[in-house]
Amino acid sequence: MAAVDYKNAKLIVETSTIAAGQLTWQSPSNIALVKYWGKHGDQLPNNPSLSFTLQQAVSTTTLAYRPKKGTDTGLDLSFTFHGKPQPAFAEKIKQYFHKLRDYFPFIKQFSFDINSENSFPHSAGIASSASGMSALALCLCAMEQELFGNLADEQQFRRKASYIARLGSGSACRSIYPTAAVWGATSEIAGSSNEYAIPFEAELHESFQSVQDTILLISKSEKSVSSRAGHQLMDGNIYATSRYKQANDQLRLLLSALAKGDWDQFGRITEQEAMTLHALMMTSNPPYILMQPNTLEAIQRIIDYRQQTKIPLYYTLDAGPNLHLLYPANDKEKVQSFISEQLASLCTDGKYINDQAGAGPKAL
Ligand code: PMV
C-alpha cells in the first residue's frame, strides 16, 4: 500500500479569528497478543501485531489552547499529570510536539496547557504510554478538525490519529479502535499498514468480543530496562530474524482462532508470544529479565487451574512482570474466585485490575 503523507504545510490559521478553547479525549490502554518488539525508521514495526483494546485502564487528556498574540514561533506548552507538574513527562511531550510540527504546523501558533489523568495507579505497570499518547493524538486531530474541518470522515480521522499516536509510542496506534486492532503490514489483512493501525473488531468471533482481562499487579516498581531500550536491543539479537518470521506465522494462526472462536489455539499462541517476548529479553546483549518470581508462580498456578478445570484461562505479558489473564465472559465468576483465592496473594498489596475489551476512545 502507498505510504500516506500527513505532513501538510497548509494547516496554518489566521489566529486573530480564533478563540481559546479546549478538547478532552479519553483513550484506553491495549494488550498485544502477537507482540510488536523491534522497530526501524521512525517508529515502524519489524512485524505485524494484534491487540485487544481495554476499557477500564484509560487516560483522560485535556488540551487547552490559546492563540499566540505575537510572532513567537517556538513551542509553548505546559504539562500536568493529575493537575501536578511532571517535568519528566513534560519534556517527552515537548519532544513529541516538536516532532509533530510538520504534521500540525498550527502548533506553533498556539500556547498549550495539557493535563492528563490515568484511571489506573501510576507505575502500575500498565502501558500508560499507549493510553496517554493515543489520547493526546486524538486531541490534536480533533483540534485540526475544529480549525480546518478536514477530518470529518470518521475513518480518515481515526487513521490520522493512529498515525500520529504511533509517532509518540508505537503500540499507542492500536488504542484508537474499539475491541481489537492490527498494526503492521501483513498480506493476511487487506489495508494493513506499518504506518497506522486498522480496526479488527468485525472479524472477531463473538466469544472474543467480550474477552475479560484481569491484570495482576505483581510489581509496581519502575522497569529496569525501558521499552525503548528493549526495542533497540532487538537490532543485535541473534534470534531477531526468526522472531519476525514467527510473529507473521503466529498472526496467521491467531486470525483463524479469533474468527472461529477457537480458545485453545488462541491461548496457545498468546502464551507462546508472551514467553517469546521475554525470551528475547533474556537473549539480548546484554540480557535482562523483567519477570519476577511471583510472575512464574502465577503462571504455574494458571496452567494447573486450566488443566484441572478445562476453563480457557490464559495469560500474556507486556514488557514487565505483570500478567494479563484472558478468559471468556461466561467463565467470569469462576475465574474471579480462583484469582481472589489463589493469585491475589502473589500481587503487590493483593491488587489486581478487572478489565475487558471495550468501546475504544471517546471525546468528553
Ligand atoms: O509501544 P512501545 O514502544 O511501548 O512498545 C510496546 C511493546 C509491547 O508492549 C511489549 C508489545 C506490544 O505490541 O504492545
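Thresholds, definitions, all that
Residues numbered from 1 in each chain as written. Predicted model: local features only at pLDDT ≥ 70, side-chain atom pairs only at ≥ 80, totals over all residues. Heavy atoms only, no water. Near = heavy atom within 4 Å. Polar contact = N/O pair within 3.5 Å; in protein donor to acceptor, adjacent residues only side chain to side chain. Areas by Shrake-Rupley, 256 points an atom, 1.4 Å probe, with all protein chains shown as cover. Nonpolar A, V, L, I, M, F, W, Y, C, P; charged D, E, K, R; others polar. Salt bridge = Lys/Arg side-chain N within 4 Å of Asp/Glu carboxyl O. Helix = DSSP H or I, 4+ residues; strand = E, 2+ residues; numbered from the N terminus. Buried < 20%, exposed > 50% of the residue type's maximum accessible area, 1.4 Å probe, protein only. Pairing = 2+ DSSP bridges. Axes fitted to C-alpha atoms, helices over the stretch in contact; angles between N-to-C directions. Contact = heavy atoms within 4.5 Å.

Asks: Report on the site of the ligand, specifying residues and quantitative values.
Replies: Taken together, 13 residues lie near the ligand, and Tyr-36, Ser-171, Arg-174, His-231 and Asp-318 sit nearest. Ser-171 has a polar side-chain atom sitting 2.7 Å from an oxygen atom of the ligand. Taking Arg-174, its side chain carries an N or O atom lying 2.7 Å from an oxygen atom of the ligand. Its free accessible area being 380 Å², the ligand has 91% of it covered by the protein chains. Residue classes in the shell around the ligand are distributed as five nonpolar, five polar and three charged.

Asks: So what's going on with the pattern of salt bridges? Which residues, and what values?
Replies: Throughout the structure, instances matching the rule amount to 11 salt bridges. Its salt-bridge partner being Lys-220, residue Asp-349 comes within 4.0 Å of it at the nearest N-O pair. In this pair, Asp-349 is assigned in the loop between α9 (332–343) and β13 (352–356) and Lys-220 in the loop between β10 (212–216) and α5 (227–233), connecting sequence segments 129 residues apart. On the basis of relative accessible area, Asp-349 is assigned to the exposed category, the value being 62%. When its relative accessible area of 27% is taken as the criterion, Lys-220 is described as partly exposed. Measuring nitrogen to oxygen at the nearest pair gives 2.8 Å for the salt bridge that ties Arg-243 to Glu-273. Linking Arg-243 in helix α6 (residues 240–260) with Glu-273 in helix α7 (residues 263–282), this pair joins segments that are 30 residues apart in sequence. Exposure class is identical for Arg-243 and Glu-273. Each is buried.

Asks: Before we move on, can you summarise the sheet that holds β13 with the specific residues and values?
Replies: Here four strands make up an open sheet; going across it, the order is β11-β12-β10-β13 and the pairing antiparallel. Of all strands in the sheet, those with a lone pairing partner are β11 (314–317) and β13, marking the two edges. Going across the sheet, the axis of each strand differs from the next one's by a mean of 25°, ignoring polarity. Pairing geometry for β10 and strand β12 (residues 323–327), over five bridges, is antiparallel. Residue pairing in the sheet places Ile-215 in a bridge with His-324 of β12. Strands in contact with α9 are β10, β12 and β13; relative to β12, the strand with the most contacts, it is inclined by about 155°.

On their own, these measurements won't tell you what the molecule is for.
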